[in-house]
Amino acid sequence: HVVVSQTFKSYEELAFASMAMDRAPDNLRRHAILTSLCKLCLPSWGKKRTNTQLKESNIDAIWTLIRIIHTHYEDIFDEWHPILSTLDQLSSISMSSKKLPDTYANS
């Protein structure tokens, strides 16, 4: 898990650096980093499969994406489409955990 967390920390640092260096709407570095991170948030990018479960690495990617969005929302331009698409796909994945109340089951 240490390698995965360091990888996502690097994603975050790369995103911050690319946004600080070039705030232009057509920043290809920012686009590549955020699009790649969006793909890592989902167990199967672009495919709506039943019985899909999030892995710990998916959760780490989601947290990283949320931190980037929270701190740099003004510097995100065309990347909103893959970000919102990712969040939409995440909303259709059912979650189960012993830590969640029964009301969350199969919702």
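Residues numbered from 1 in each chain as written. Predicted model: local features only at pLDDT ≥ 70, side-chain atom pairs only at ≥ 80, totals over all residues. Heavy atoms only, no water.

> Outline the overall build of the protein chain, supporting the account with residue identities and numerical values.
Each helix and strand in the protein chain was counted, giving four helices and zero strands. From first element to last, N terminus to C terminus, the protein chain shows the α and β order α-α-α-α. Evaluated residue by residue, the protein chain yields a buried proportion of 33% over its 107 residues. Long-range contacts, defined as pairs at least 24 residues apart, comprise 67% of the intrachain contacts of the protein chain with a sequence gap of at least 6. Accessible area of the protein chain: about 7,500 Å², with a carbon and sulfur share of 57%. (Helix = DSSP H or I, 4+ residues; strand = E, 2+ residues; numbered from the N terminus. Buried < 20%, exposed > 50% of the residue type's maximum accessible area, 1.4 Å probe, protein only. Contact = heavy atoms within 4.5 Å. Areas by Shrake-Rupley, 256 points an atom, 1.4 Å probe, with all protein chains shown as cover.)

> Residue-level account of the side chain of T86, with values.
Of note, T86 is situated in helix α4 (residues 80–91). By relative accessible area, T86 is classed as buried at 0%. At 2.7 Å, the side chain of T86 forms a polar contact with the backbone oxygen of P82. When neighbours within four sequence positions are excluded, T86 is seen to be in contact with C38, C41, L42 and W45. (Polar contact = N/O pair within 3.5 Å; in protein donor to acceptor, adjacent residues only side chain to side chain.)

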